[in-house]
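Coordinate analysis (summary)
Residue-level listing of the chains:
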Amino acid sequence: GIQVEQSPPDLILQEGANSTLRCNFSDSVNNLQWFHQNPWGQLINLFYIPSGTKQNGRLSATTVATERYSLLYISSSQTTDSGVYFCAVERPPGGGNKLTFGTGTQLKVEL
Amino acid sequence: DAGITQSPRHKVTETGTPVTLRCHQTENHRYMYWYRQDPGHGLRLIHYSYGVKDTDKGEVSDGYSVSRSKTEDFLLTLESATSSQTSVYFCAITARLSETQYFGPGTRLLVL
């Protein structure tokens, strides 16, 4: 099956700092999503981004499908950004949204 | 939150007993999924459903069965629970008009 690798595995930031999280995948995909799991365990969808760039407030994401990676940018980080960030993909032909997840990046934002 | 609830939210059971977890959604979504989350593995797909009585296996389906007799309910059954099935179980749906996937709050299962 497809391999999804995320880096770094752990990250500690001071509040206000910027960061970039990376997701590499081993094969072509037609579906890529980023999720945030907060410290209480809830999973929240951040982006559906199989290609291109999207922005939502302080978060933005870019997927370069031809080079098999995606980046999640967090600007002006806040303590509420703490948690685990997951990248998840689906291979073609897809349909059905059956996702393969990476093992995540654990982010801690400190005051 | 896409109207997804899971029950129970926490369960402790003994090895060899059957366990059924329920996922309920209120917004008539076609696709539903069960994942398990374990340290070091992220989330892994157990089973999924395309619609009523239409289900298929995911990556880690051994030891699990599912049923979907109504659009709103997707049941995950552990026929004979084992300690390796201790995990956090998440239900998810795909929204009708996009590929975005939304998750329920999770069920924490401990098999002793």
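Structure: above.
Since we're looking at a predicted model, the values are computed, not measured.

**A closer look at the side chain of Thr-100 of chain B**
Along the polypeptide, Thr-100 of chain B turns up in the loop between strand 9 (87-94) and strand 10 (101-103). Relative accessible area serves as the criterion here: at 12%, Thr-100 of chain B is assigned to the buried category. Once residues within four sequence positions are removed from consideration, Thr-100 of chain B is found in contact with Gln-33, Asn-45, Tyr-48 and Asn-97 of chain A together with Ile-93, Thr-94 and Ala-95 of chain B.

**A word on unusual backbone geometry**
Following Ser-7 of chain A, the chain continues into Pro-8 of chain A via a peptide bond in cis, with omega recorded as -10°. Take Pro-8 of chain A: it is sitting in the loop between strand 1 (4-7) and strand 2 (10-14). The omega torsion across Ser-7 of chain B and Pro-8 of chain B is -10°, close enough to zero to call that bond cis. Within the element layout of this structure, Pro-8 of chain B appears in the loop between strand 1 (4-7) and strand 2 (10-13). One non-glycine residue, Arg-68 of chain A, adopts positive backbone phi at about 60°. Looking at the element boundaries, Arg-68 of chain A is found in the loop between strand 7 (59-64) and strand 8 (69-74).

**Looking at the packing of aromatic side chains**
This model, assessed by the stated rule, comprises 11 aromatic pairs over all chains. Seen in terms of ring centroids, Phe-35 of chain A and Phe-103 of chain B are 5.4 Å apart; in terms of plane orientation they differ by 90°. Their pairing is edge-to-face. One end of the pair, Phe-35 of chain A, is in strand 4 (residues 31-37); the other, Phe-103 of chain B, is in strand 10, on a second chain. By relative accessible area, Phe-35 of chain A is classed as buried at 0%. For Phe-103 of chain B, a relative accessible area of 5% puts it in the buried group. Taking 6.3 Å as the distance between ring centres and 85° as the angle between the ring planes, the aromatic pair formed by Phe-90 of chain B and Phe-103 of chain B counts as edge-to-face. Linking Phe-90 of chain B in strand 9 with Phe-103 of chain B in strand 10, this pair joins segments that are 13 residues apart in sequence. In this structure an aromatic cluster arises from ring pairing among Phe-35, Phe-86 and Phe-101 of chain A together with Tyr-33, Tyr-35, Phe-90 and Phe-103 of chain B. Lying over the aromatic face of Tyr-69 of chain A, Arg-22 of chain A brings its terminal NZ or CZ to 4.2 Å of the ring centre.

Basis of the calculations
Residues numbered from 1 in each chain as written. Chains lettered and ligands numbered in written order. Predicted model: local features only at pLDDT ≥ 70, side-chain atom pairs only at ≥ 80, totals over all residues. Heavy atoms only, no water. Helix = DSSP H or I, 4+ residues; strand = E, 2+ residues; numbered from the N terminus. Buried < 20%, exposed > 50% of the residue type's maximum accessible area, 1.4 Å probe, protein only. Contact = heavy atoms within 4.5 Å. Phe/Tyr/Trp six-rings, centres within 6.5 Å; stacked < 30°, edge-to-face > 60°. Lys NZ or Arg CZ within 6 Å of the ring centre and 35° of its normal.

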